[in-house]
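# Fold and contact review
Below are the chains, spelled out letter by letter.
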Amino acid sequence: MDLHFGDSKPTDEERAAVDELLGPPSTAWEGADDRTDTDLRWARGGREARERRDLLLPGLHAINDRIGWISEGALDYLCRRLTVPPAEAYGVATFYAMFAVKPRPAKVLHVCTDLACAAHGSGALCAALEERLGAAGSASGGVVWQSSPCLGLCERAPAALVIQAGAPSGAAPSRTTPDAGSARDGAEPAPAPWGARPSWPAAADPAGPLRPAAALNGERPDSTPQEPAPRPYATAVIAPATAEALVLAAAEPQAAPLEPAAAMAVPQAGQEGLTLLRRVGVVDPYSLDDYRAHGGYAALRRAFDLGPAGVIREVTDSGLVGRGGAAFPTGRKWQATASQPAHPHYLVCNADESEPGTFKDRVVMEGDPYSLIESMTVAGYAVGASRGFLYLRGEYPRALRLLQNAIDQARARGLLGDDILGQGYAFDIEIRRGAGAYICGEETALFNSIEGYRGEPRSKPPFPVEKGLFGKPTAENNVETLINVLPILTEGGQAFKAIGTGQSTGPKLFCVSGNVERPGIYELPFGATLGELLDLAGPSPTIRAILLGGAAGGFVRPDELDIPLTFEGTRAAGTTLGSGVVLVLDDTVELPRILLRIAEFFRDESCGQCVPCRVGTVRQEEALHRIVDRTGAAAAGDIALLREVGQAMKDASICGLGQTAWNAIESAIDRLGAYK
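Residues numbered from 1 in each chain as written. Predicted model: local features only at pLDDT ≥ 70, side-chain atom pairs only at ≥ 80, totals over all residues. Heavy atoms only, no water.

## Observations regarding helix α27 (residues 663-671)
- Taken residue by residue, α27 has Ala 664, Ile 665, Ser 667, Ala 668, Ile 669 and Arg 671 as its buried positions.
- Looking one or two residues beyond α27, the residue adopting positive phi is Gly 673, at roughly 70°. (Buried < 20%, exposed > 50% of the residue type's maximum accessible area, 1.4 Å probe, protein only. Helix = DSSP H or I, 4+ residues; strand = E, 2+ residues; numbered from the N terminus.)

See below:
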């Protein structure tokens, strides 16, 4: 791939995919077929074209969604439209695991092989798929399957996701029409496709697509068939998965069984005393009226009564800290952003939860999507932002269509837009899809991804509150952090602070998976012990180890169940709370294989920007491969090497990925006696 445009041409379908996002090209400089006299006199573009660079990732999605892969001609055409050097765009396209730049079938089957799924037989599942569909990465019957990192479906492990490339239409309600303008020009997304609002039968997927026979052919039910419809874009989530179910779903994703309701991932659903999960399983996630009938938008009205400074003061008084793992005080972050003189300010919601074992944000977005939209509106008001970005995992198709519906409904009812609730405050939200990159959970890597660059972390300072998205002051919070703001405003900061402990205030969501009877999301006040949480989930009687915080966390022993689940309590115990992952492993799980999978994960997900992480994660995996079946003196040399490499990554990596890549392995060696 060159810095200059090549001679490859897009197909009509590839051109249509790009033009649906960007509109038709206005000049030959943008790729129009006919060159006019005006085009020969001067070239248009310059700064105006370069400011649309942030549409590169949506453009890559548009091509990949339509065709199934990104050809050189399609990439060249997209680059002409956005005035981006092809070599740079190629670097972006090859950065993400969900994109392909070589031909492949339109149907791709992603099979999770990460920690929770590994504990539930993903290895045997992959072996069965090899017998039926061939080796991973090889095309068979119009389908290609490949192993995948965590899909965020840990409560239903083993899990898989089928994506069928095709035309966006009413036949594929899991497809959300891409935005029609740049993030910085204020353009609104195109309306949701016809047929996206299904009925909501009891115990069924409240976001599942309706599939009448006519709709499967890409027609409205009342239309007369004219000609065979083009292949529709479709997704299907199969969890728990069997080889037989995956082969059937890959053959016809539109006919796959619907997902269970989000409430099925919440064993406490409907119980008294819940705060963050109280509406999951109670309200229709598509209905704004139902949300408002259960207390929705009371917090936003309260925010307008308090004013921006009052909102920040209430959040500060509550003691709320970030729930993504860093535990930075939310009120301080908002105050620092709001006080910056540079404008505009931005709000970014990090919904790219990719930590193995984490799925709490998905359940909230699928079961109570309006709470996140309201929370973002409150946060935007507090920090002085008029634009919010919701960066969503590309592997969450149901959350995508529910959130897009919530945004559309809120905008139609005056709860987003130019004059929210008649208060003179303008704020809108745009969804940006990730494409399979764990590193984009790091805030500055996320900013680069939105801006159309490779998702690589930036050096700090400057910090995001000073120079974040598009170089402007930005407040970035994850989903759980934001939804905690609603009870803070409705009940008061002091009432929120009374929950939990002095340093860890409020309720916390925990993702419990692995070898337990009732996996799912649990809400407990900070201060509950690990044993109390596991009693709710029904642990295996033969627990071997418990992983706290996910792949970047640490293991604890089954005799340490009295550890308090607080930031300070886990720190004192020599481990971490992280994002709330609690993965239980019993004695049927081979611990060295789990450690090897963790090492493989970090090797795959390292962005490669800094040497300690790029080289260290590879050396770590190599050493674990050598000792996977060794113990004692036979493993001692490589364990010494692992300690040296791990310390180098921890000391010198530019971001948290490399700094924590050794944590879980170190804890397994020192705490669990692995390889002894």
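There's more to say after this.
## A word on the pairing of strand β8 (residues 428-433)
- Of all the six residues making up β8, six are buried; the element is thus mostly covered by neighbouring parts of the structure.
- Burial of β8 is two-sided: the residues Asp 428, Glu 430 and Arg 432 facing one way and the residues Ile 429, Ile 431 and Arg 433 facing the other way are all buried.
- For strand β7 (residues 385-392) and β8, the ladder comprises six bridges, and the chain directions are parallel. Paired with Leu 392 across the bridge in β8 is Arg 433.
- Where the polypeptide runs from β7 across helix α16 (residues 397-412) and back to β8, its parallel neighbour, the crossover connection is right-handed. (Pairing = 2+ DSSP bridges. Right-handed = clockwise from strand over helix to strand, strands pointing away.)

## A closer look at the nonpolar core
- Among the nonpolar cores identified, the biggest contains 160 residues, and Tyr 96, Trp 334, Ile 373, Leu 390, Leu 392 and Phe 555 are the most heavily contacted of them.
- If you tally residues by element for this core, the top one is helix α15 (residues 369-383), at nine residues.
- Apart from residues lying up to four places away in sequence, Tyr 96 is in contact with Leu 57, Tyr 391, Ala 435, Gly 436, Ala 437, Cys 440, Ser 449, Tyr 453 and Gly 455.
- Counting residues in each nonpolar core, the second largest holds 22 residues, with Val 512, Leu 530, Ile 546 and Phe 567 among its members. (Core = buried A, V, L, I, M, F, W, Y, C linked by side-chain atoms within 4.5 Å. Contact = heavy atoms within 4.5 Å.)

## Observations regarding the sheet that holds strand β9 (residues 474-478)
- Sheet architecture is open: four strands sit in the order β8-β7-β6-β9, paired in parallel fashion. Two strands bound the open sheet, and with one partner strand each, they are β8 and β9. Between one strand axis and the next, the sheet turns through 20° on average, direction left out of account.
- Note that strand β6 (residues 345-351) and β9 share five bridges and pair parallel. In the strand pairing of β9, Val 348 is matched with Glu 476.
- Each of β6 and β9 is contacted by helix α13 (residues 330-338), which is oriented at about 155° to β9, the strand it contacts most. (Axes fitted to C-alpha atoms, helices over the stretch in contact; angles between N-to-C directions.)

## A few points about the packing of aromatic side chains
- Inspection of the entire model under this criterion finds 15 aromatic pairs.
- Ring centres 4.7 Å apart and planes at 70° place the aromatic pair Tyr 438 and Phe 601 in the edge-to-face group. On the criterion of sequence distance, the pair formed by Tyr 438 in the loop between β8 and α17 (443-451) and Phe 601 in helix α23 (residues 591-605) is long-range, its members being 163 residues apart.
- Residues Phe 601 and Phe 602 carry aromatic rings whose centres are separated by 5.3 Å and whose planes lie at 75° to one another, so their mutual orientation is edge-to-face. Here Phe 601 matches Phe 602 in class, with each residue buried. (Phe/Tyr/Trp six-rings, centres within 6.5 Å; stacked < 30°, edge-to-face > 60°.)

## Looking at unusual backbone geometry
- The residue after Ala 157, namely Pro 158, is reached through a cis peptide bond having omega -5°.
- With respect to the element layout, Pro 158 can be found in the loop between β3 (143-148) and β4 (160-164).
- Cis geometry is found at the peptide bond from His 343 to Pro 344, where omega equals 0°.
- Assignment of secondary structure puts Pro 344 in the loop between α13 and β6.
- Unusually for a residue other than glycine, Ala 327 sits at a positive phi of about 60°.
- As for its placement among the helices and strands, Ala 327 is situated in the loop between α12 (298-318) and α13.

Note that every value here comes from positions in space, so none of it alone points to a role or purpose.
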